[in-house]
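One letter stands for each residue in the lines below.
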Amino acid sequence: MNIIVQVNIFKMRKLGKGSRLKFEVAKLALEAVLNNEQTDWLIKIYQQCTIRKQKSMFLNHQDIHNKWAAASHCITKFTKEVISVPYNGKWWDFNVHYWNLWDLTTDLLGDCNLFPHFMFDAQRLSKFDGETFIHFVDKLFTAQDFWDIQSRLPPGGKLLAFILYADKTKLSSFGTAKGCPVVKEDKDYAGKSSWVNFKNTVWHSLFARIISLCVVSLIHRIMSLWPCPVCLVPCDELWDTSKSYPHRTSDESQVIVATAQGKDTMEEKDENSLWAIQYTNVHQALSHDHMHNGRLWSHHLWVELQKYVVSLRRSKVSAINKMYQNFKHPNQVMGVSFADSSMHEDISKKTPHSATCYFDVYAFILKLMYTLLSRFTQQTLFMKGEQYIMEAGEENDKGWSFPKMHLIMHIFDDIEAKGTTRNYNTKPNEQMHRPLKKLYQCWTNFKDFAKQILQINHWLLVSDDICRRVEDLDNFSRSTSQAGNIDADVDDPATDDPVPLDGFMHVKIGSMQASLTLEQIEMAHWGVDVAFTSFCVKLNAFLNIFLLACNLPLPNGKRVQLLPSNTADANQVTECLFLQVNYESLVDWQQHTDYLRCSPMFFNAPRFDCVFIQTEQKVILGCLIFLFQCPVGKDVFPLTLIHPFDAPTARPCAQAEFFSVRSIICGAFLVPDSNLNCLVINTVNIDIFLHVKEIHLEAGHLVRI
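The rules behind the values
- Residues numbered from 1 in each chain as written.
- Predicted model: local features only at pLDDT ≥ 70, side-chain atom pairs only at ≥ 80, totals over all residues.
- Heavy atoms only, no water.
- Core = buried A, V, L, I, M, F, W, Y, C linked by side-chain atoms within 4.5 Å.
- Buried < 20%, exposed > 50% of the residue type's maximum accessible area, 1.4 Å probe, protein only.
- Helix = DSSP H or I, 4+ residues; strand = E, 2+ residues; numbered from the N terminus.
- Contact = heavy atoms within 4.5 Å.
- Phe/Tyr/Trp six-rings, centres within 6.5 Å; stacked < 30°, edge-to-face > 60°.
- Lys NZ or Arg CZ within 6 Å of the ring centre and 35° of its normal.
- Pairing = 2+ DSSP bridges.
- Salt bridge = Lys/Arg side-chain N within 4 Å of Asp/Glu carboxyl O.
- pLDDT = per-residue confidence, 0-100.
- Axes fitted to C-alpha atoms, helices over the stretch in contact; angles between N-to-C directions.
- Parallel < 35°, antiparallel > 145°, perpendicular 65-115°, else oblique.
- Nonpolar A, V, L, I, M, F, W, Y, C, P; charged D, E, K, R; others polar.
- Expected span 1.5 Å × (residues − 1).
- Patch = residues over 30% accessible without salt bridge, like charges linked within 9 Å, V, L, I, M, F, W, Y side chains within 5 Å.
- Areas by Shrake-Rupley, 256 points an atom, 1.4 Å probe, with all protein chains shown as cover.

(A) Representation of the nonpolar core. Ranked by internal contacts, the top residues of the largest apolar core, which has 29 residues, are Leu 296, Trp 297, Trp 302 and Leu 373. When contributions to this core are tallied by element, the ones reaching two or more residues are α11 (295–312), α13 (341–350), α14 (361–371), α16 (411–418) and α23 (686–698). If you tally residues by element for this core, the top one is α11, at 6 residues. Excluding anything up to four places from it in sequence, Leu 296 contacts Leu 301, Phe 364, Phe 402, Lys 404, Met 405 and Ile 408. Membership of the second largest hydrophobic core comes to 24 residues, among which are Leu 547, Val 560, Val 573 and Ile 625.

(B) Looking closely at the packing of aromatic side chains. Inspection of every chain in the model, using the stated rule, returns 31 aromatic pairs. Look at Phe 532 and Phe 535: their rings are 5.7 Å apart centre to centre, the planes differ by 20 degrees, and that puts the pair in the stacked class. Like Phe 532, the residue Phe 535 is buried in the burial classification. Through successive ring pairs, a cluster of aromatic residues spans Phe 532, Phe 535, Phe 542, Phe 546, Phe 626, Phe 628, Phe 637 and Phe 658. Sitting above the plane of the Trp 92 ring, Lys 90 keeps its charged end 4.6 Å from the centroid.

(C) Quick peek at the environment of Phe 602. With respect to the element layout, Phe 602 can be found in the loop between β10 (591–599) and β11 (607–608). Along the sequence, Phe 602 and Leu 577 sit 25 residues apart, while their C-alpha atoms lie 9.1 Å from each other.

(D) Layout of the sheet that holds strand β4 (residues 133–137). Ordered in space as β3-β4-β7, the 3 strands form an open sheet in which the pairing is antiparallel. Lying at the two open borders of the sheet, with one neighbouring strand each, are β3 (125–128) and β7 (376–377). Direction of pairing for β4 relative to β7: antiparallel, over a ladder of 2 bridges. Bridge pairing in β7 links Phe 136 to Thr 377.

(E) Representation of the pattern of salt bridges in the model. Counting across every chain of the model gives 9 salt bridges. Across the pair Asp 464 and Arg 468 runs a salt bridge, and its minimum N-O distance is 3.3 Å. Taken together, the positions of Asp 464 and Arg 468, both in helix α19 (residues 449–483) and 4 residues apart, correspond to about one turn of that helix. Each of Asp 111, Asp 464, Asp 465, Arg 468 and Arg 469 takes part in one network of salt bridges that share partners.

(F) Expanded view of unusual backbone geometry. One non-glycine residue, Trp 589, lies in the positive phi region at around 60 degrees. With phi around 65 degrees, Asn 604 is a residue other than glycine that occupies positive phi space.

(G) Structural detail: the confidence of the model for the chain. Taken as a whole, the chain shows an average pLDDT of 77; of its residues, 76% reach a score of 70 or greater. Across residues 212–219, confidence stays below pLDDT 50; counting only partners more than four residues off in sequence or on other chains, it has 26 contacts. A low-confidence stretch, residues 488–503 (pLDDT under 50), is modelled with 2 contacts involving residues beyond four sequence positions or located in other chains.

(H) How the structure looks around the packing of helix α5 (residues 144–151) against α16. Where α5 meets α16, the closest approach of the two axes is 4 Å, and the angle between their N-to-C directions is 50 degrees. The angle between α5 and α16 places the two elements in the oblique class. Where α5 abuts α16, its residues Gln 144, Asp 145 and Phe 146 lie against Glu 416, Ala 417 and Lys 418. Its residues assigned to classes, the contact of α5 with α16 comprises 2 nonpolar, 1 polar and 3 charged.

(I) Seen up close, helix α6 (residues 193–205). Taking 1.5 Å per residue as the helical rise, α6 with its 13 residues ought to reach 18 Å, and the 19 Å between its terminal C-alpha atoms agrees with that figure. Within α6, burial applies to Trp 195, Val 196, Asn 197, Phe 198, Lys 199, Asn 200, Val 202, Trp 203 and His 204.

(J) How the structure looks around the pairing of strand β2 (residues 90–98). Pairing of strand β1 (residues 79–87) with β2, which is carried by 9 bridges, proceeds in the antiparallel orientation. Across the sheet, residue Ser 84 finds its bridge partner in β2, namely Asp 93. Where β1 hands over to β2, the hairpin turn is made up of 2 residues, of which Asn 88 adopts a positive phi near 55 degrees.

(K) Structural context of a nonpolar patch on the surface. The grouping of Leu 101, Phe 162 and Leu 164 at the surface amounts to a nonpolar patch, some 240 Å² of accessible area in total. Here Leu 164 shows up in the loop between α5 and β5 (169–170). Residue class for Leu 164 comes out partly exposed when judged on its relative accessible area of 34%.

Right, dumping it as structure tokens:
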């Protein structure tokens with residue numbers, strides 16, 4: 001044993017101090033769970049210290065904390081206050097951490113990196129479609145409310161808009177530690193009307209320092225006579241989306257409260273502190289929240305749809321589960337509860353139209369798709385007048401008279417007033433919960449964690465601010481050093497020639513395989529896929545028509561006659577498994593990209609994506625079968641064999657056709673139905689949704705989309 005120990009000690013001494021230091025650095029990176037970028041940065045600092053270019057000035061962790069504290073004045077700090085509110089015969093104290101809104105605004109406006117991105121003036125934007133200018137709405141400053149408010153400002157006045165948000169989240173795995181907006185739930189009082197009023201009182205007491213519109217939603221509860229915070233709809237008429245009612249105003253609400261204050265009930269004594277803000281209409285400021293209103297699907301529509309599917313037979317349940325396999329979800333969705341709202345959003349988009357026969361789920365999905373548009377024109381805003389009523393089946397006893405059912409009535413009013421729904425969607429705010437949970441788990445001792453989380457969060461903001469300042473200094477130094485070389489570089493020719501655009505740059509194929517003869521391709525699919533029957537004959541016929549239609553010369557002035565045989569002079573083609581398609585979105589007119597696959601084995605499963613194809617007569621749908629490059633003379637053409645879906649009943653696979661890859665518009669999503677038919681799921685993607693709508697309209701179909 002002693003001999004083994006001495007040998008190990010000898011080996012460690014032989015490694016030297018340098019190897020031990022390297023081990024300690026590697027061990028630190030491993031235990032701190034550093035990613036590749038952070039590890040590279042640690043090694044860079046380590047190297048600078050070892051070659052003595054930089055000398056470490058830190059002695060311990062407290063020294064680092066002191067440096068952060070000294071630099072914290074760069075950003076407005078959080079302020080802590082204690083608020084006392086009486087309830088149930090005693091005083092309740094609440095610790096409140098907040099940013100001073102005015103100081104924070106001053107920081108933002110004084111930041112040279114952020115200030116250029118602020119928009120202080122309303123804008124009216126239009127796009128020329130070749131015949132006329134079309135007005136559109138997207139950002140908040142392009143909407144009507146921004147325009148109306150600025151019109152009422154004195155000359156020279158500018159508008160600075162804020163989006164206000166408050167929520168709670170579980171910081172620990174079991175939910176024992178929570179991040180709450182001031183008031184935690186108490187099981188002894190939860191559910192009582194007096195407790196809800198108490199929470200409202202706390203909110204209003206804090207309004208001098210924190211502005212939150214959530215209180216308005218708390219005031220109008222489900223059991224009230226007029227539960228909608230936007231309009232005066234009776235509680236028993238919430239289900240009827242065909243009727244409209246007068247909108248609430250803050251002035252009318254103040255009159256109602258003043259009348260109620262003359263009553264003897266204690267519940268009516270509280271006032272809304274938001275009324276102290278001049279020109280404020282809190283009911284108009286409330287906005288549709290796409291994420292939380294999605295619970296109309298998760299808590300109601302999806303529940304009822306599952307009941308209906310289960311009532312049929314087991315094969316239908318299996319068919320629904322099979323649809324969602326390999327689509328971000330687990331192997332089944334039926335009977336599974338998901339807490340992630342984005343998961344439910346994806347499920348609703350992929351719900352087949354055939355599953356909506358029990359009640360009008362498709363009506364909800366249609367409205368959902370329109371609300372997800374990132375840009376609205378006069379044509380798309382016509383949906384404001386379309387009313388969708390969820391009609392339950394005869395056997396469905398589900399009641400639809402609840403606020404979330406009614407609130408979809410106000411979506412398009414919000415879009416006209418405040419722009420697209422992503423301007424006031426709480427999904428980005430929900431994503432801010434993740435850093436808070438990470439801070440709780442990694443940087444706190446789980447005691448008095450609110451102060452610790454906010455301190456680390458503040459240091460991260462300070463770090464980001466310092467990094468941007470250092471980057472600005474480096475850019476300035478670099479530009480100054482290059483200023484003296486401008487004259488010397490004036491006469492230098494350009495090193496990079498611009499890439500010419502020939503109008504066909506929107507497609508690109510990749511993942512190329514070994515070249516094969518036409519006979520080899522046909523024999524490889526013999527008896528397996530009838531689409532490859534007479535592959536060479538069909539390809540020759542297509543090329544002769546295609547070249548003439550594109551005004552391209554035939555090779556040597558003769559008809560194309562590719563040779564299929566496996567001989568020295570036989571023609572070969574190169575199979576490709578990947579296709580990238582760049583296209584102009586019908587929504588925002590920006591370039592978007594689809595990454596499509598045509599592969600017999602992609603992650604252990606065959607994948608043949610579907611596409612929209614532009615033919616001479618119209619736009620059709622089709623499924624990729626074979627993607628390849630075909631040399632003809634001195635040119636190489638990207639082609640594809642496609643199973644077209646251009647008829648009410650699907651063609652046999654033997655009638656597959658060749659198309660130029662350049663005729664593909666973008667990707668599509670189809671699922672197999674029966675008898676080789678496919679069902680178009682147009683709710684997966686906004687562009688697919690609008691493309692399918694155009695196909696219906698061009699065909700003269702009576703559609704409701």
